[in-house]
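# Geometric and topological summary
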Amino acid sequence: MTIQLPGADGALRTYEPRTEPLAVTPGTPLTSRTVFSAAHVVADPFADVSPDSAAAVDWDATLAFRRHLWSHGLGVAEAMDTAQRGMGLDWAGAAELIRRSAAEAKAAGGRIACGVGTDQITGGTLAEIRAAYEEQLALVEESGAQAVLMASRALAATAAGPEDYLEVYGHLLRQAAEPVVLHWLGPMFDPALAGYWGSADLDAATEVFLEVIAAHPDKVDGIKVSLLDAQREIDLRRRLPQGVRCYTGDDFNYPELIAGDEQGFSHALLGIFDPLGPLAAQAVRILDTGDTAGFRALLDPTVELSRHLFQAPTRFYKTGVVFLAWLAGHQTHFTMVGGLQSARSLPHFARAYELADGLGLFPDPKLAEDRMKTLLALYGVTR
């Protein structure tokens, strides 16, 4: 089997796909780390919608993918950035996703945490922003899922300074029924979140973030940090109150952060663990035995793929995630809500296929090759 793949220079080159996938099977629950995969949604390809319409979701395929992740011992981080919150999936769609996935988690015995934001509004006063957060927090708590307090575009636009973040988050944490995860999403993932926590200076923003946590340590299960800066995350996790976890959201440096050092380690809540789910779970099971070298040996080679998918503009990583889900057979089509399948180039897709195939991520390499050739043909590559 060979396939002609276009490079960044536009020239075609011959690639020989591997014939056997990496051998991974569902196994025992993970014990040394808490690991969430931020899962994508599967669009309904037959819905007559446009990119600015409300999202049409294939619920059966979407929930089946979550059962796949749970079967490997991973938790599901639902209605997060990977599910295209604010990039095709509006609050009405996210609310339905939360309800359905939380019910499915109960039936499957899977762990689930769900995003709480303010995307039912685009701006407003602090009181209106608090009310939007409260509406979403109530729905997540009613569903029985753990809440992840996500960064708010509306709050970033309205807040006059750190004191407004302290007020809004303090209010939410005081009323949360159970400990939540606080999510700090950097502007590389969403430019509208620049200056979050009241400052463009990350050192100053970190102090405000830590002040929020220190005031309510009993209401914070952990923090999810998505700044793509390994040393900053390490420095931050070393300053967390006892019992507050750090969930890495660093899709560039996750193996070293999860492995940790003599002073601690990060748990994980990662978009890259959507396509890497079975491999990531197997790596953590190796880590559960105390074999850090074995863990790194399995997970380190995945970083090149992750850095490729998450390359700037980072917010379009979702396109690569769904593309790989299609090649892997988790869905029958490469269509995304909001038409986001157009957000990456053919050379980007070709390199993603090559890297994923090299890792053995495709359960059926021939299916992946055939689907890649179908995409190439649509772009005019016929040999």
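Before reading further, recall that the structure is shown in the block above.
For the structure given in this document, a descriptive report is provided here. (Residues numbered from 1 in each chain as written. Predicted model: local features only at pLDDT ≥ 70, side-chain atom pairs only at ≥ 80, totals over all residues. Heavy atoms only, no water.)

### Quick word on the sheet that holds strand 10 (residues 267-270)
In plain terms, the rule: Pairs of strands are assigned from DSSP output, requiring at least two bridges between the strands. What counts as a helix is a DSSP run of H or I of at least four residues, what counts as a strand is a run of E of at least two, and both are numbered from the N terminus. Only the contacting stretch of a helix is used when fitting its axis, a line to C-alpha atoms as for every element, and angles between N-to-C directions run 0 to 180 degrees. It only takes one pair of heavy atoms within 4.5 Å for two residues to be counted as in contact.
Here eight strands make up a closed barrel; going around it, the order is 3-4-5-6-7-8-9-10 and the pairing parallel. Each adjacent strand pair in this sheet contributes to an overall mean axis angle of 25°, direction not counted. Strand direction decides the pairing type here: strand 7 (residues 180-185) and strand 8 (residues 220-226), joined by six bridges, are parallel. Note on strand 8: the bridge partner recorded for Val180 is Val220. Its contacts with the sheet put helix 2 (residues 91-108) on strand 4 (75-78) and strand 5 (112-116), and the angle it makes with strand 5 is roughly 165°. Sitting on the sheet, helix 3 (residues 126-143) is in contact with strand 5 and strand 6 (146-149), with an inclination near 165° to strand 5.

### A short note on the side chain of Ser152
Note the cut-off: For each residue, the accessible area found with a 1.4 Å probe, counting protein chains only, is set against the maximum for its type, and the residue is called buried under 20%, exposed over 50%, and partly exposed in between.
With respect to the secondary-structure elements, Ser152 resides in the loop between strand 6 and helix 4 (153-158). The class for Ser152 is buried, based on a relative accessible area of 1%. If we ignore the near neighbours within four places in the chain, the residues touching Ser152 are Thr118, Ile129, Tyr133, Leu193 and Tyr196.

### Overview of the packing of helix 12 (residues 317-327) against helix 13 (residues 346-359)
Helices that pack against each other are described as a pair by the angle of their axes relative to one another and the distance between those axes. Applicable threshold: For this classification, under 35 degrees means roughly parallel, over 145 means roughly antiparallel, 65 to 115 means roughly perpendicular, and everything else is oblique. Take the far helix as your reference; a near helix turned counterclockwise from it by less than a right angle gives a left-handed crossing, and one turned clockwise gives a right-handed crossing. Amino acids are sorted into nonpolar (Ala, Val, Leu, Ile, Met, Phe, Trp, Tyr, Cys and Pro), charged (Asp, Glu, Lys and Arg) and polar (every other residue, Gly among them).
At their nearest, the axes of helix 12 and helix 13 sit 10 Å apart, and the two run at 55° to each other. Of the possible angle classes, the one that applies to helix 12 and helix 13 is oblique. The crossing of helix 12 and helix 13 is right-handed. Along the contact surface, helix 12 presents Thr319, Phe323, Leu324 and Leu327, while helix 13 presents Phe349, Ala352, Tyr353 and Ala356. Here the residues of the contact of helix 12 with helix 13 sort into seven nonpolar, one polar and no charged.

### Brief notes about the pairing of strand 6
Convention followed: Viewed with both strands pointing away, a crossover whose connecting path from the first strand over the helix to the second turns clockwise is right-handed.
Burial along strand 6 is two-sided: the face carrying Gln146 and Val148 and the face carrying Ala147 and Leu149 are both buried. Of the pairings in the sheet, the one linking strand 5 to strand 6 comprises four bridges and is parallel in character. Residue Gly115 lies in a different strand from strand 6, and its bridge partner there is Val148. Handedness of the strand 5-helix 3-strand 6 crossover: right-handed. Bridge analysis of strand 6 against strand 7 gives two bridges, and the strand direction is parallel.

### Remarks on the nonpolar core
Under the convention used in this document: Within this scheme, the nonpolar core is defined by two criteria: the residues are buried Ala, Val, Leu, Ile, Met, Phe, Trp, Tyr or Cys, and they are joined through side-chain atoms within 4.5 Å.
Within the largest apolar cluster, 120 residues are counted, with the highest numbers of intra-cluster contacts made by Leu182, Tyr196, Phe273 and Phe323. Excluding anything up to four places from it in sequence, Leu182 contacts Leu149, Tyr169, Leu173, Phe209, Val212, Ile213, Val220, Gly222, Ile223 and Lys224. Within the second largest apolar cluster, 10 residues are counted, among which are Phe36, Ala77, Val148 and Met150.

### Quick look at empty space enclosed by the protein
Summary: where empty space remains is shown by rolling a probe the size of a single water molecule over the atoms. How we decide: Here a cavity denotes grid points, spaced 1 Å and computed from the protein atoms alone, that fit a 1.4 Å probe unable to get out, and a pocket denotes an open set having protein on both sides within 12 Å along at least 5 of 7 lines; residues with an atom within 4 Å of a point are the lining. Grid points are joined across faces, edges and corners, and a volume is the space filled by probe spheres set on the points.
Considering all chains together, one arrives at one cavity of 30 Å³ or more under this definition. Here the largest cavity is characterised by a volume of approximately 100 Å³. Within the residue set of the lining of the largest cavity, elements represented by two or more residues are strand 7, strand 8 and strand 10. When its residues are assigned to classes, the lining of the largest cavity shows eight nonpolar, five polar and three charged.

### Observations concerning helix 5 (residues 162-175)
Filter applied, for reference: One fewer than the residue count of a helix, multiplied by 1.5 Å, yields its expected span.
Compared with an ideal rise of 1.5 Å per residue, which puts 14 residues at 20 Å, helix 5 spans 20 Å between its outermost C-alpha atoms and is within 8% of the ideal. Taken together, the buried positions of helix 5 are occupied by Asp164, Tyr165, Val168, Tyr169, Gly170, Leu172 and Leu173. Against helix 3, strand 6, helix 4, strand 7, helix 6 (202-215) and strand 8 lie the buried residues of helix 5.

### With respect to the packing of helix 1 (residues 59-71) against helix 2
Taken N-terminus to C-terminus, the directions of helix 1 and helix 2 make an angle of 45°; their axes are 10 Å apart at the nearest point. With respect to helix 2, the axis of helix 1 lies oblique. Classified by chirality, the crossing of helix 2 by helix 1 is right-handed. Taken together, the residues of helix 2 that come into contact with helix 1 (itself represented by Trp59, Thr62, Leu63, Arg66, Arg67 and Trp70) are Gly93, Glu96, Leu97, Arg100, Ser101, Glu104, Ala105 and Ala108. Grouping the amino acids of the contact of helix 1 with helix 2 by side-chain chemistry returns six nonpolar, three polar and five charged.

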